[in-house]
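For reference, the chains in residue letters:
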Amino acid sequence: MRTFLLTSAAAVLAGLSLVASAAPSAKADQASVIERGRYLVKIGGCNDCHTVNYGETGGKVPPAQWLTGSPLGWSGPWGTTYAPNLRNYFSRVTADQWVKVAHTIETRPPMPWFVLRDFSEPDLRAMHAFITSLGATGGESPAYLPPGRKANGPVVLFPEPPPAK
Ligand code: HEC
């Protein structure tokens, strides 16, 4: 009886220590997924267009301001596009939806949509975890303008493509 009590007490204690250690390590896992997402957004170049002043300051924009969209237009034969606010966009899209979108999306230039197809599913989930951890913030970028419509603000002007041979 005594041995039984002792062993079951030991089992309870062992169970408790398992519960106690599970919580911090799940937290650590989530933190490392978010950190990987931050790394992927950074080396993936997403800030180059989706963050105001990122290139001009040599990347010295704090993450709190990352991916909030830009009023800089990209004009070419496709009209004028604007890099949208991804902080707001990601707050509306679940991780599952993002994995699907990233592997099927096709936008107008100069968004490198084809690059998103090469991201693995775990990487896309990490990216989603990081961007949603920053939270939605800021206003929306200007709306797309079709060819022939003049933009009000500054634009990067792309040349017409060379005539097909
Ligand atoms: C060279 C500039 C540029 C870079 C680099 C860039 N984007 Fe974009 N992105 C744009 C533009 C411009 C649009 C809008 C395209 C359009 O209007 O068709 C866009 C659109 C998007 C959209 C569509 C959002 C919506 O509302 O449907 C997503 C998602 C997106 N970008 C994610 C990313 C991610 C993630 C990265 C980094 C891997 C990235 N972009 C890098 C310029 C860029």
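Residues numbered from 1 in each chain as written. Predicted model: local features only at pLDDT ≥ 70, side-chain atom pairs only at ≥ 80, totals over all residues. Heavy atoms only, no water.

**What about the overall build of the chain?**
Across its full length, the chain carries six helices and three strands. The helix and strand sequence of the chain, counted from the amino end, reads α-α-β-β-α-α-α-α-β. Out of the 165 residues belonging to the chain, those deemed buried represent 28%. Relative to all contacts within the chain whose residues are 6 or more apart in sequence, the contacts with residues 24 or more apart total 64%. Surface exposure of the chain reaches about 10,600 Å², of which carbon and sulfur atoms provide 65%. (Helix = DSSP H or I, 4+ residues; strand = E, 2+ residues; numbered from the N terminus. Buried < 20%, exposed > 50% of the residue type's maximum accessible area, 1.4 Å probe, protein only. Contact = heavy atoms within 4.5 Å. Areas by Shrake-Rupley, 256 points an atom, 1.4 Å probe, with all protein chains shown as cover.)

**A short note on the side chain of T81**
Among the structural elements, T81 can be located in strand β2 (residues 79-82). Within the local environment of T81, its side chain forms a polar contact with the backbone oxygen of P109, the two atoms lying 2.8 Å apart. The residues touching T81, leaving out its near neighbours within four places in the chain, are L72, G73, W74, R108, P109, P110 and Y144. (Polar contact = N/O pair within 3.5 Å; in protein donor to acceptor, adjacent residues only side chain to side chain.)

**A word on helix α6 (residues 121-134)**
Between the first and last C-alpha of α6 there are 20 Å, a value that for 14 residues agrees with the 20 Å anticipated at 1.5 Å per step. For α6, the complete set of buried residues consists of D123, L124, A126, M127, H128, A129, F130 and I131. Positive phi shows up at G135, right after α6, with a value of about 90 degrees. (Expected span 1.5 Å × (residues − 1).)

**Some remarks on the layout of surface pockets**
Estimated volume of the largest pocket: approximately 710 Å³. Around the largest pocket, the lining comprises 31 residues; the ones closest to its centre are H50, A83, P84, L86 and M111. Every element with two or more residues in the lining of the largest pocket is listed here: α2 (46-50), β2, α3 (86-92), α5 (113-116) and α6. The computed volume of the second largest pocket comes to approximately 160 Å³. Taken together, S75, G76, G79, T80, P146, P147, G148, R149, K150, A151, G153 and V155 form the lining of the second largest pocket. (1 Å grid on protein atoms, 1.4 Å probe; cavity = no way out; pocket = protein on both sides within 12 Å on 5 of 7 lines; lining within 4 Å. Points joined across faces, edges and corners; volume = space filled by probe spheres on them.)

**A few points about the site of the ligand**
Near the ligand there are 20 residues, and of these C46, C49, H50, R108 and M111 occur at the shortest range. One nitrogen or oxygen atom from the side chain of H50 is found 2.8 Å from a nitrogen atom belonging to the ligand. Here R108 contributes a backbone N or O atom positioned 3.0 Å from an oxygen atom of the ligand. Of all the cavities here, the one that holds the ligand is the largest pocket. (Near = heavy atom within 4 Å. Sits in = over half its atoms within 2 Å of the grid points.)

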